[in-house]
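In case you want the letters, here they are:
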Amino acid sequence: MPADHASSSRRKQSPTIRTVPGHSAISCPWSLCPDKEPGLQPWMPGHSEDHRVTIGYGRKVLLTASATVHSIEILNGGKLVIADTNRPILLRTKHILIGNKGELHIGSPDCPYKGNLTISLFGRYSCMKHAETHDGIPSNQTGDVIYKNDKDYGFVCLNKDQAHGLCHNYRVRFLCGKLVHPQASISIDMLSNSSILELADQPQGWVSGDRVVVASTDYSMHQAEEFTLLPCPTCTSNQVRVQGKAQFIHMGEEVDGVDMRAEVGLLSRNILLRGVMEPGCYGNEACKFFNFDTFGGHLKVERGFRAVHISGVELQHMGQQTMGHYPVHFHMNGDVNERGGYNPPTSVSDLSIHHSFSRCVTIHGSNGLLVKDVVGYDTLGHCFFTEDGPEERNTFDHCLGLMVRAGTLLPSDRDSKMCRDITEGAYPGYVANPRQDCSATSTFWIANPNNNLINCAAAGSEETGFWFIFHHVPTGPSEGLYSPGHTEHTPMGQFTNNRAHSNYRYRCCFYNFQSYYHYTYCYCCWHLQNLTLPICVCSGGTFPDDDGSRQQVKNSLFVGESDNRGMALPDNRIWGPGGSDLISRTLPRGIDFPIRGMQIYDGPINMQNCTFRKYTALDGRHTSAFGFRLNNSWQSCPNNNVTDITFDHVPITSRVFFGEPGPWFNKMQMDGDKTTIFHDIDGSISEYPGAFLVKEDNWLLRHPDCIDVPDWRAAICSGRYAQIYVQTRNPANLNMHIVRDEYPDHPLTLEGALGKRKHYQQFQPVITLAKGYTIHWDQAAPAEVTIWLINFNKNDLITVGLCYPQGTTFTVISDIHNRLTKQTRKTGVFMRTAQREKIKQSHLAKRYYYWEEDTGLLFLKVMANNDKEQYAFCSVKGCERVKITAIIPKGSPPSNCMAQAYPRHAELPVVDVPMPRKIPNARLHSPEHFLEVKLESYNTRFFHIKEDFAFTEVNGRKLYQPEDGVQLTVVDGHDGKVVESKGFRNSILQGIPAQLHNYVNGLRDGSIVIITSKGRLVTRGSWTKVLERLGADKSIKLKDKLAFVGFKGSFRPDWVHLEVDSDRAKIHQVLPVPVVLKMKL
């Protein structure tokens, strides 16, 4: 009986291609060597491209020499055996069709093929006028078109005599003993005309003349290089000599805690399956994008096979830029392991797939496949690809993919040009948005979480290394195989000891679950190094289908700018200073592109026990360990949690950056740019345990005790936060203004997450619970508004006033929407009340709204009435909503009621959740820390009595200003200790300002100088030059009250801050200590 896999490591072993019908495998003695079987008829068909060969009805032939035929069909008990000779055999044919009870033998497990065999598949692409199977059945009536004039060629199951176009009981086995080491790591010793590769593993079976590929270890995947092995009698067992010198640097050592040694993949095999190519592109749509022939061969495995084990084969020039034609394709097979009756399980191993034209290995509607030790190099479109969504329990083990280019098949395969040019099947008026609709070419594309990736390397693609995108419903032929939302609730399989680098955009992207140079090193824990953006973790696709989920990144190392600096090249325009040492290096995109370690996007995300190493911002380039998606229109979840973070060679100023208008960030006017937030559980980032970090100018989330972090463009706050999704229809192309009653002077304007061409719009603000808000519009109010309660726990509530024109009438209901069944259940009706206070008495059985017609505000309370699971967006019963349907008078003006609403409905700010205390410096395991400073200059009135106060507080020590004038508190910028505090009266400011100048000039450089004013400030005079000397803007006009944090030194830190006001000036912020100069780009 044929064995199920080969175990020998000799180079000259080769595959068995066998089709065994419904009987047991051959048990004759000659089964050990198929070409020794008695009764085989020698077959030398010669060379004729018109010769159509059919081997059937018990005929058994032995191919003993090279041959050229039009096609070969093996069926009805026919058998073709390839002779094992010392002469190379070249078999040229357009296609080989293995039908029911047909067999093709090339060696066997116990008698491996020792010769050299090349199967060349030739043919040209041609447009079809008619296509049918060999039965004459029209192609649109079969499960798969297996013969389209000359268009298709490859190994395909012939569906003759099979119901539903399926072949049953055939066996295909390729067995080759030449092992592959796709992750053999490398160091290169440069010689005059050759190089020595020192490999981490012993290269079994590699011999002179073999071809290898060495991966890039820089940002660009195009620095991968091919080499030919040379004889090397002096090499050790783990060394090989290659011809020529490397054009690029390939790292051969561990750097900054990350193994950055280049992967080496063996490309050569003694069994070669290849497509014969034309000299240039011709005759199809792909020629718009490629100047080479993309019509290669393909190997397809369909449902009904008896056993398939493909091992040790080189596939070159395979795949086509047409759907369904890939180098290796498992198509709609269902379970292919023990669960499906296959023992041993189906496997693909030790393959080399290179210079191909559509993917590497495609798993389509198949489960339990083992893909092991496969090199995929230089292909178009996603390399290792799971297709429709139901593919589960497949394992990719020790696979290497590199040089993965864009292709045309799917939008996610395409680059920007393809995205704009290919619009077939799109809705009328569709305008492509390449970054959103396409641009996701990935080395590993995983459509179901229940798959395993172990010891794999994504070593270069045009976009992403590993992309997980979980289909809410299965697509294509798999439609209906699982219920909506199944994959979002499926645990992930193993993702262990993987690495990714040299990918343009992401190393790993987890979406709808939802790096070493560049784009991810995932190592049980993850090591992510030299990355512009190592990992993007996000939650749902399109709400409400996505119901929220938790993504975790634990026990991981992120390295920003390592000692792997790349190589200066004549055509490399992205080369410049980087890192804390400012040594020149390769840079990922533009020279000022913001480098971020962990990009927080969507959520909820849980990050725990991770280390960030070597992230240093420069003056001119924003670099940070934590950042956010650039130009983001989507949400930010308040349940994004971070804990137990360690920083190594990361300045405290570079830990986080929330963004600011400028290059790459643009205007920071997209909704997601404005609503960023995450929770610092243990204070390991901010030094304030339990604090939330929010964008500094988001007054929906701030309160009076929040602490500004100027270097991060953030504020440290406390509170209870959630979200509302405000969906609008009729119209949908409007902007929304939302105002918190406690801060009416700081409205937040949102443009909507969905673009202006959708039939509805969705606004997704993060809000502080138990507060009041009003909502306004830049057009007449929409006829339909639905408020979704997102991340509300039971009994969480807010009050909302929505602006409408006078004369509007309303219907207000509450309901629960089940995301999975898409069913909605009405839970109540809001009744109108004439008393606004009565809306607070609303409960599940009886709810009220209040229409304040003189201001145009419709008030109601929205409250969650059901429990919610910890990481879900909505309650266990579904999403609780309030739906307002309004009849609005025609011709109504824009519904903006802010002028009428405030100050009438303004409220004093209240801190509901006290701020956490700062971790004492003695407990911080860092030479840097934050210095908290709070200063305030204000006056109070009690009837006709007016009093002035001013104080400075440094790390909890409060110093009151005793006299009118200004008070200077000096803090050592090296250790944060208060040096002294000295006052200067108004009389000195007016009469002897030189005293103040001399005092400041005498301060030690590196001093932090904090100034408050008391009484009526002298706002003019030469004394004000002191403020400029300490970093204040020259153009600012002083008022009675002043609060100022300045710096005495040769540079101006970002945290220098001046506040002036007639009644109250206040600053509450943290400063980094020691104060250091940010180096210029």
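Overview of the structure. Only a predicted model underlies this, so the values are computations on that prediction, with no experimental measurement involved. (Residues numbered from 1 in each chain as written. Predicted model: local features only at pLDDT ≥ 70, side-chain atom pairs only at ≥ 80, totals over all residues. Heavy atoms only, no water.)

### Points about the environment of Val301
And step 1. By secondary structure assignment, the location of Val301 is in strand S22 (residues 298-302).
And step 2. In sequence terms Val301 and Ile363 are 62 residues apart; their C-alpha atoms lie 9.9 Å from each other. (Helix = DSSP H or I, 4+ residues; strand = E, 2+ residues; numbered from the N terminus.)

### Observations regarding the side chain of Thr441
And step 1. Position of Thr441 among the secondary structure elements: in the loop between helix H2 (434-437) and strand S34 (442-446).
And step 2. When neighbours within four sequence positions are excluded, Thr441 is seen to be in contact with Gly381, His382, Val404, Arg405, Ala406, Ser412, Asp413, Arg414, Ser461, Glu463 and Thr464. (Contact = heavy atoms within 4.5 Å.)

### Some points on the state of the cysteines
And step 1. Per the stated rule, a full pass over the model turns up 8 disulfides.
And step 2. One disulfide in the model links Cys33 with Cys111; its S-S distance is 2.0 Å. Of note, the bridge from Cys33 to Cys111 carries an S-S torsion of about 95° and is right-handed in sense. Pair noted here: Cys33 is in the segment before strand S1 (41-43) and Cys111 is in the loop between strand S9 (103-105) and strand S10 (117-121), with a separation of 78 residues, a long-range link.
And step 3. On the accessibility criterion, Cys111 (12% relative accessible area) is buried.
And step 4. Covalently, Cys281 is tied to Cys287 through a disulfide, its sulfur atoms 2.1 Å apart. Across the S-S bond linking Cys281 and Cys287, the dihedral sits near -95°, which makes this disulfide left-handed. (Disulfide = S-S within 2.5 Å. Buried < 20%, exposed > 50% of the residue type's maximum accessible area, 1.4 Å probe, protein only.)

### Looking at empty space enclosed by the protein
And step 1. For the largest cavity, the calculated volume is near 130 Å³.
And step 2. As for the largest cavity, its lining consists of 19 residues, and the residues nearest its centre are Phe628, Leu630, Phe658, Gly659 and Phe665.
And step 3. Broken down by secondary-structure element, the contributors of at least two residues to the lining of the largest cavity are strand S48 (595-600), strand S50 (623-628) and helix H3 (671-674).
And step 4. A class-by-class count of the residues in the lining of the largest cavity yields 8 nonpolar, 8 polar and 3 charged. (1 Å grid on protein atoms, 1.4 Å probe; cavity = no way out; pocket = protein on both sides within 12 Å on 5 of 7 lines; lining within 4 Å. Points joined across faces, edges and corners; volume = space filled by probe spheres on them. Nonpolar A, V, L, I, M, F, W, Y, C, P; charged D, E, K, R; others polar.)

### What about the pairing of strand S55 (residues 714-717)?
And step 1. Both faces of S55 are covered, namely the face carrying Ala714 and Ile716 and the face carrying Ala715 and Cys717.
And step 2. Where strand S53 (residues 691-695) and S55 come together, 4 bridges link them in antiparallel fashion. By the bridge assignment, Lys695 is partnered in S55 with Ala714.
And step 3. Strand direction decides the pairing type here: strand S54 (residues 707-709) and S55, joined by 3 bridges, are antiparallel. Following the sheet pairing, Val709 is matched in S55 by Ala714.
And step 4. Linking S54 back to S55 in an antiparallel pair, the connection comprises 4 residues, with Arg713 at a positive phi of about 55°. (Pairing = 2+ DSSP bridges.)

### Overview of the side chain of Ser356
And step 1. Structurally, Ser356 is set in the loop between strand S27 (352-354) and strand S28 (361-367).
And step 2. If we ignore the near neighbours within four places in the chain, the residues touching Ser356 are Leu315, His317, Met318, Pro327, Asp378, Thr379 and Leu380.

### Examining the packing of aromatic side chains
And step 1. Per the counting criterion, the structure on display carries 35 aromatic pairs.
And step 2. Look at Phe292 and Phe357: their rings are 6.1 Å apart centre to centre, the planes differ by 35°, and that puts the pair in the tilted class. Note that Phe292 is positioned in the loop between strand S21 (271-275) and S22 and Phe357 in the loop between S27 and S28, a separation of 65 residues in sequence.
And step 3. Among the aromatic residues, ring-to-ring pairing joins Phe558, Phe612, Tyr615, Phe626, Phe628, Phe647, Phe658 and Phe678 into one connected group.
And step 4. Directly above the aromatic system of Phe385 lies the positively charged group of Arg359, at a separation of 3.8 Å from the ring centroid.
And step 5. Lying over the aromatic face of Phe984, Lys982 brings its terminal NZ or CZ to 5.5 Å of the ring centre. (Phe/Tyr/Trp six-rings, centres within 6.5 Å; stacked < 30°, edge-to-face > 60°. Lys NZ or Arg CZ within 6 Å of the ring centre and 35° of its normal.)

### Brief notes about helix H6 (residues 993-1001)
And step 1. Those residues of H6 that sit buried are Pro993, Leu996, Tyr999 and Val1000. An end-on view of H6 places all buried positions within 120° of arc, on one side of the element.
And step 2. Turning to H6, the residues buried within the fold contact strand S72 (965-972), strand S73 (978-984), helix H5 (986-991), helix H7 (1025-1029) and strand S75 (1041-1048). (Arc of directions from axis to C-beta.)

### Section: the pattern of salt bridges
And step 1. Under the definition given, this model contains 44 salt bridges.
And step 2. Put simply, Arg261 and Asp259 hold a salt bridge, and the shortest N to O gap is 2.9 Å.
And step 3. A relative accessible area of 17% means that Asp259 is categorised as buried.
And step 4. Salt-bridge contacts for Lys840 lead to Glu837; the nearest nitrogen and oxygen are separated by 3.5 Å. Grouping residues by exposure puts Lys840 and Glu837 together as exposed.
And step 5. Connected via shared salt-bridge partners are Asp256, Asp563, Arg565, Asp581 and Lys614. (Salt bridge = Lys/Arg side-chain N within 4 Å of Asp/Glu carboxyl O.)

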